[in-house]
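Residues per chain, in single letters:
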Amino acid sequence: SKILFDGQIIDRDNLVDIEDRGYQFGDGVYEVIGVYEGRPFMMDEHLHRLKRSAGEIQLNLPFSLEEFRRQLNQLVKANHLDEGIIYLQVTRGAASRWHEFPGRGVRPKVTAYTRAEERMTQVEDQGGHAVLTEDIRWLRCDIKTLNLLPNVLAKQKAVENGAVEAILHRGDTVTEASASNVFIVKNGELFTHPANNYILNGITRQKVLEICRKINIPVHEQTYTVDELLAADEVFVTATKSDIIPILEVDGNQIGSGKPGATTGQILKQFRSLIH
Ligand code: PDD
């Protein structure tokens, strides 16, 4: 298949420089963009978040967002991608390994590829289980950086326990999940952690909040505790491509009726209508 490498669509090959700072330090940012029926979903929102993430680590993107959009659309076409994702990352480039930023002559490295992936409608409709684990990440989780080791360890714990996600908590406060945002429904109202430095402000999360405002589900961007999570009527997680997944059990505790909830279903239905 084809990849996007430094502005060019080329064959996938062994292209990583051993001293690329993404490879050595995780010094870079990324985005995962869903593709449905050949169309990237909310690409502009993802690109704006990429620009923000890059800015927060003082990395100048080497292309305008306009140019990124054009190149990524070209990549989707070159790979004849129908259903799947685009993975896009920008590292601070390759330079002799010193921790501080390299000199101005070193150009950030942009790479992107696509991966065909089936729609995840089955787990979205049926739901799954989650485990709880302490959020051991740094204090700038709002930046979508390549440093994902705590997320990797959390997700591994979920998978080893037959769960679809690991829900993270800092002390008593639920933050988000290993690769998704977490919502609870209590008495018909929705609660989710505010978009501050403790979570990634998910593009799917923002769309869910917009949908709720439109269909008059009260939303509170407000912290809630692990106990409140366990006592919720409904819990769901949101992320690119997996969209909205109802969580029926957390660490063996049944949530609500133990079946996907009505409010979650309503939101999922609205979300899907935007995709088609
Ligand atoms: N992850 N929180 C974290 C920690 C994430 O890694 C992600 C996405 C989200 C959801 O964001 P969005 O709705 O914009 O996809 C929340 C991507 C999909 C990944 O790393 O694969």
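Definitions and limits used
- Residues numbered from 1 in each chain as written.
- Predicted model: local features only at pLDDT ≥ 70, side-chain atom pairs only at ≥ 80, totals over all residues.
- Core = buried A, V, L, I, M, F, W, Y, C linked by C-beta atoms within 7 Å.
- Buried ≥ 20, exposed ≤ 12 C-beta atoms within 10 Å, placed from the backbone.
- Helix = DSSP H or I, 4+ residues; strand = E, 2+ residues; numbered from the N terminus.
- Contact = placed C-beta atoms within 7 Å.
- Pairing = 2+ DSSP bridges.
- Near = placed C-beta within 6 Å.
- Nonpolar A, V, L, I, M, F, W, Y, C, P; charged D, E, K, R; others polar.
- Domains from an automatic or database assignment.
- Expected span 1.5 Å × (residues − 1).
- Arc of directions from axis to C-beta.

Trainee: Any chance you could explain the nonpolar core here in plain terms?
Mentor: In summary, soluble globular proteins display a tendency toward joint burial of nonpolar side chains. One finds Ala130, Ala166, Ile167, Ile184, Val235, Ile247 and Val250 to be the most contacted residues of the largest nonpolar core, which totals 38 residues. Among the elements that line this core, the one with the most residues is strand β14 (residues 243-250), at five residues. The contact partners of Ile247, leaving out residues within four places of it in the chain, are Gly127, Gly128, Ala130, Val235, Phe236, Val237 and Ile255. Counting residues in each nonpolar core, the second largest holds 21 residues, with Leu4, Val76, Ile86 and Ala112 among its members.

Trainee: Would you mind showing me how to read the pairing of strand β6 (residues 109-116) here?
Mentor: Along a regular strand, successive side chains alternate from one face of the sheet to the other. Where strand β1 (residues 2-5) meets β6, two bridges bridge the pair, whose relative direction is antiparallel. Across the sheet, Leu4 pairs through a bridge with Ala112, a residue of β6. For strand β5 (residues 84-91) and β6, the ladder comprises eight bridges, and the chain directions are antiparallel. Bridging from a neighbouring strand, Val90 pairs with Val110 of β6.

Trainee: I keep staring at the site of the ligand and nothing clicks. Help me out?
Mentor: Within the structure, the ligand sits among 14 residues, and Leu200, Gly202, Ile203, Thr204 and Thr240 are positioned closest to it. Sorting the residues of the shell around the ligand by element identifies α6 (203-214) and β13 (234-239) as the ones contributing at least two each. Per-element tally for the shell around the ligand: the top contributor is α6, with three residues. Class assignment for the residues of the shell around the ligand results in five nonpolar, seven polar and two charged.

Trainee: I would appreciate a short explanation of the domain arrangement of the protein chain in the present structure.
Mentor: Size of an interface: often given as the accessible area lost when the parts come together. Each assigned domain of the protein chain is listed here: domain 1 (2-116) and domain 2 (121-275). On a C-alpha basis, the centres of domain 1 and domain 2 stand 26 Å from each other. Residue-level contacts link 20 residues of domain 1 with 10 residues of domain 2. Ranked by residue count, the leading element in the side of domain 1 that touches domain 2 is strand β3 (residues 28-36), at eight residues. Class assignment of the residues belonging to the side of domain 1 that touches domain 2 gives a composition of nine nonpolar, seven polar and four charged.

Trainee: How should helix α3 (residues 65-78) be read in this particular structure?
Mentor: The α-helix winds at 3.6 residues per turn, so residues separated by three or four positions along the chain end up facing the same way. The end-to-end C-alpha distance of α3, which contains 14 residues, comes to 20 Å, matching closely the 20 Å that a straight helix rising 1.5 Å per residue would cover. Inspection of α3 places Phe68, Leu72, Leu75 and Val76 among the buried residues, and these make up the whole buried set. For α3, the buried positions fall inside an angular range of 100° around the axis, keeping them on one side. In α3, those exposed residues whose orientation departs by more than 90 degrees from the buried face are Glu66, Arg70 and Lys77. Just beyond α3, the residue with positive phi is His80, at close to 50°.

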